Amino acid sequence: MAEEECELNEKQKREIAKWFLLNSPAGEIQYIAKDLRSVLNDEKVYNEAASEAFPLYNKSHLIFLELPNRSGDVLVTSYNELEENEFLDPRTALVATVDHVKQVCTDVRPAADEELSSPYIEEFRCALDAEMLKYVAEAYPKGICSVYCVDGKDVEGPGSNFELVVVISAAKNSPQNFCNGSWRSVWNIEFKEDVQMLEVRGKLQVGAHYYEEGNVQLDAKHECKDATIFQAPDDCAISIANIIRHHEAEYLESLEASYANLPDTTFKDLRRKLPVTRTQFPWHNTLQFSLTRDIQKELGIDK
Amino acid sequence: MEAAMGLMRRIHPKQSETALSALLSLLPHHSSDLLSQVDQPLQVLCDLESGKEYILCEYNRDADSYRSPWSNKYYPPLEDALYPSSELRKLEVEANEVFSIYRDQYYEGGISSVYMWEDDNEGFVACFLIKKDGSKTGQGRRGHLQEGAWDAIHVIEVGAEEESIAHYCLTSTIMLSLTTNDESSGTFSLSGSIRRQMNMDLSVADGHLCNMGRMIEEMEGKLRNSLDQVYFGKTKEMVCTLRPPSEVVLRLPTADMP
């Protein structure tokens, strides 16, 4: 038997470890990490896997970390990544150094000029950021948002197109209640000067995990599009915020509708609450079984 | 091993097959424990003799072959295989027929199988299984689901009769997943598994099949409700905690709206 059990090599173990880490539900990677280390029993392989998996996980889950000097939170995303461990927070013009595996912010420094957007772009970014802060404060009990320039950050004045992205991240972790959840919104806004239009594309992702004596997970995703006219920075900001507010509220309503349909409609395609007869199954009535069987055969229903 | 079960509880139900094979390769010495404690979606084979499908599980397996409840034969064929006694086989045949009708009434489709075998305590164990594909390309009657699966495993240990009363211990596991997808609301996907136990002492006057059937029906109803109201309900509660519905936070921008 010993020859048949081929021992996994380090590379295979590392890939498995990475897989578990990357596929952790929102807010649970540290718990998965703990169990994984126990199962792997190989610190070297675990550390290699963690150093590769954590950055990817953190960016895809849009985690947010507290800045050391209490100036707020910094989001960890692919949009504001300067170096592998450095993330820009345009609102405070600070750059945070992040330890991905420990999921903490270890250092902070002021951003250099070339890391920030040009004054022209910053006007649009800042106005939108202010509107988004207002919106997020209203709509999310605990949400973090930021606005980044992902294309054209050095554009000096009118005449070029550029792109901003709004990132909203909300999470609620209640491990004591065996329940965790996350909401992630990413809104890309293309400022198309040539046609004087703004094209807005939103990607919303919601997840929840409840695991008290069971294991149930929700994954919901939605994409939407909208557009508005190109105006002065403040007016653009308000239009965009309204678009986002409208679509996100609509999406929440449709999530609620999906849940409302579950018990009687959606679930029915899996299992009915009761048979068509509206009574429970007559187990004791064997005569009925033979009859049913004969009827089924006659009607050709019997498979 | 506890850590391994911890991982299984957190990983997404849809990925449990991948997770289990990963764990089996990392912990080969624990393979029998893992296989018996971790629930996996049910697989199906076709009994060529009767043309009917049957469900595979540990309880109808011998080596690498699986016994069909319809023909009582193993596929691939196996010599010196295990079979229930002829008396138990009679009960098994009846159980399969009756359970099939039950399945049709509640599931409007799907596949079911029942397996029985004698245990060491003069009683027997019965395993009732159901597999339903509720997607619109499968057997979802109303076409709501892009993807939908319900797998139920009910294992009942029946104790030896004493003064015409028998003790029944039912352990039920339900694994389900459903996905709806449309233009206006995107993809909505719920999946999960739960396991519960029920113990009863019942008179054998109506027969074992009747007793077991009633217990299963009651259990399935309870689990369906629990999944829907408690489990899925908790995920809904979480979503509304993250971002409360608009009625709660209605507040429009001020006069500088264009």
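None of these values were measured; they are calculated from a predicted model.

Chemist: Is there a simple way to think about the overall build of chain A in this case?
Modeler: Broken down by element type, chain A carries six helices and 11 strands. The C-alpha atoms of chain A give a radius of gyration of 26 Å, which is well past the 19 Å a tight globule of 303 residues would have. For chain A, the spread of C-alpha atoms along the principal axes amounts to about 85 × 60 × 35 Å. Counting every position in chain A, which comprises 303 residues, the buried fraction comes to 51%. By sequence separation, contacts in chain A at least 24 residues apart represent 53% of the contacts at least 6 residues apart.

Chemist: What is the right way to read a nonpolar patch on the surface from this model?
Modeler: Residues and elements named next belong to chain A. Side chains of Val195, Met197 and Ile229 sit close together on the surface and give an oily, nonpolar patch of about 250 Å² of accessible area. Structurally, Val195 is set in the loop between β9 (179-192) and β10 (197-210). Taking relative accessible area as the criterion, Val195 reaches 52% and is therefore assigned exposed.

Chemist: Is there a simple way to explain the domain arrangement of chain A in this structure?
Modeler: Bring the parts together and some accessible area is lost; that lost area is often taken as the interface size. Residue and element names in this part refer to chain A. Partitioning chain A into structural domains gives domain 1 (9-61), domain 2 (67-116) and domain 3 (117-270). Spacing between the C-alpha centres of domain 2 and domain 3 amounts to 21 Å. Each partner contributes to the roughly 1,200 Å² buried at the junction of domain 2 and domain 3, and carbon and sulfur atoms together form 61% of this total. Among the residues of domain 2 in contact with domain 3, Leu75, Tyr79 and Arg91 are the three that bury the most area, contributing 56% of the side total. Connecting domain 2 to domain 3 are one salt bridge.

Chemist: Help me understand the sheet that holds β10 of chain A in this model?
Modeler: As summarised here, the arrangement of the 10 strands in space is β7(A)-β8(A)-β9(A)-β10(A)-β11(A)-β10(B)-β9(B)-β8(B)-β7(B)-β6(B), forming an open sheet in which the pairing is antiparallel. The open sheet terminates on both sides in strands that have one partner only, identified here as β7 (143-151) of chain A together with β6 (111-118) of chain B. Sheet twist, expressed as the average angle between the axes of neighbouring strands with direction ignored, equals 10°. As paired strands, β7 of chain A and strand β8 (residues 162-174) of chain A are joined by eight bridges and run antiparallel to one another. Residue pairing across strands places Ser146 of chain A opposite Val167 of chain A, the latter belonging to β8 of chain A. Across the sheet, helix α5 (residues 233-266) of chain A touches β8, β9, β10 and β11 (215-229) of chain A together with β9 (165-182) and β10 (186-203) of chain B, and the angle it forms with β11 of chain A is around 145°. Sheet strands in contact with helix α5 (residues 208-242) of chain B are β8, β9, β10 and β11 of chain A together with β6, β7 (124-133), β8 (147-158), β9 and β10 of chain B, and its direction is about 145° off that of β10 of chain B.

Chemist: How should I be thinking about the domain arrangement of chain B in this particular structure?
Modeler: All names here are of chain B. Looking at the assigned domains, one finds that chain B contains domain 1 (1-36) and domain 2 (85-242). On a C-alpha basis, the centres of domain 1 and domain 2 stand 23 Å from each other. Residue-level contacts link four residues of domain 1 with seven residues of domain 2. Across the domain 1/domain 2 interface, buried area totals approximately 290 Å², and carbon plus sulfur atoms make up 45% of it. At the boundary of domain 1 with domain 2, the tally comes to one salt bridge. Notably, a salt bridge pairs Glu147 with Lys14, separated by 3.5 Å at the nearest N-O pair. Linking domain 1 with domain 2 are one residue pair in polar contact (both at pLDDT 80 or more), by the criterion used here.

Chemist: What should I look at first to understand the interface of chain B and chain A in this one?
Modeler: Taken together, the contact pairs 92 residues of chain B with 85 residues of chain A. At the junction of chain B with chain A, the criterion picks out five salt bridges. Of the charged contacts in the structure, one is a salt bridge between Arg10 of chain B and Glu28 of chain A, with a shortest N-O distance of 2.7 Å. Put simply, chain B and chain A have 34 residue pairs in polar contact (both at pLDDT 80 or more) between them. If you list the elements that add at least two residues to the side of chain B that touches chain A, you get α1 (2-10), α2 (16-26), α4 (86-107), β8, β9, β10, α5 and α6 (246-249) of chain B. In terms of residues, the side of chain B that touches chain A owes the most to one element, α5 of chain B, which gives 22 residues. Class assignment for the residues of the side of chain B that touches chain A results in 42 nonpolar, 28 polar and 22 charged.

The rules behind each value
- Throughout, residues of each chain are indexed from 1 in the direction in which the sequence is written.
- Just so you know, chain letters begin at A and ligand numbers begin at 1, following the order they were written in.
- In keeping with the predicted nature of the model, local features appear solely for residues at pLDDT of at least 70, side-chain atom pairs appear and are counted solely at 80 or more, and the whole-chain, interface and lining totals rest on all residues.
- Each side-chain value is worked out from all heavy atoms of the structure, with water and hydrogens disregarded.
- For helices the rule is a DSSP run of H or I covering at least 4 residues; for strands it is a run of E covering at least 2, with both sets numbered from the N terminus onward.
- For this measure, only C-alpha atoms enter the radius of gyration; the expected value for a globule follows 2.2 Å times N^0.38, where N is the number of residues.
- Relative accessibility under 20% of the residue-type maximum defines a buried residue, over 50% an exposed one, and the middle range a partly exposed one, all with a 1.4 Å probe and only protein chains included.
- The contact rule is simple, with two residues in contact once any of their heavy atoms fall within 4.5 Å.
- Each patch is built from salt-bridge-free residues with over 30% relative accessible area, joining like charges within 9 Å and nonpolar side chains (Val, Leu, Ile, Met, Phe, Trp, Tyr) within 5 Å.
- Residue burial considers only the protein chains on display, and all accessible areas are found by Shrake-Rupley using a 1.4 Å probe.
- Within this document, salt bridges are pairs made up of a side-chain nitrogen of Lys or Arg and a carboxyl oxygen of Asp or Glu, the two lying within 4 Å of each other.
- The domain boundaries here were taken from an automatic or database domain assignment.
- Using a 1.4 Å probe, buried area is obtained as the accessible area two parts lose upon being combined, added over both of them.
- What makes two strands pair is DSSP finding at least two bridges between them.
- Axes, fitted as lines to C-alpha atoms, cover a helix only where it is in contact. Angles between the N-to-C directions of the axes lie from 0 to 180 degrees.
- Under the rule applied, a polar contact is a pair of N or O atoms within 3.5 Å (in protein, one hydrogen donor and one hydrogen acceptor; residues adjacent in sequence only if both atoms are side-chain atoms).
- Each residue gets one of three labels, nonpolar for Ala, Val, Leu, Ile, Met, Phe, Trp, Tyr, Cys and Pro, charged for Asp, Glu, Lys and Arg, and polar for the others, Gly among them.

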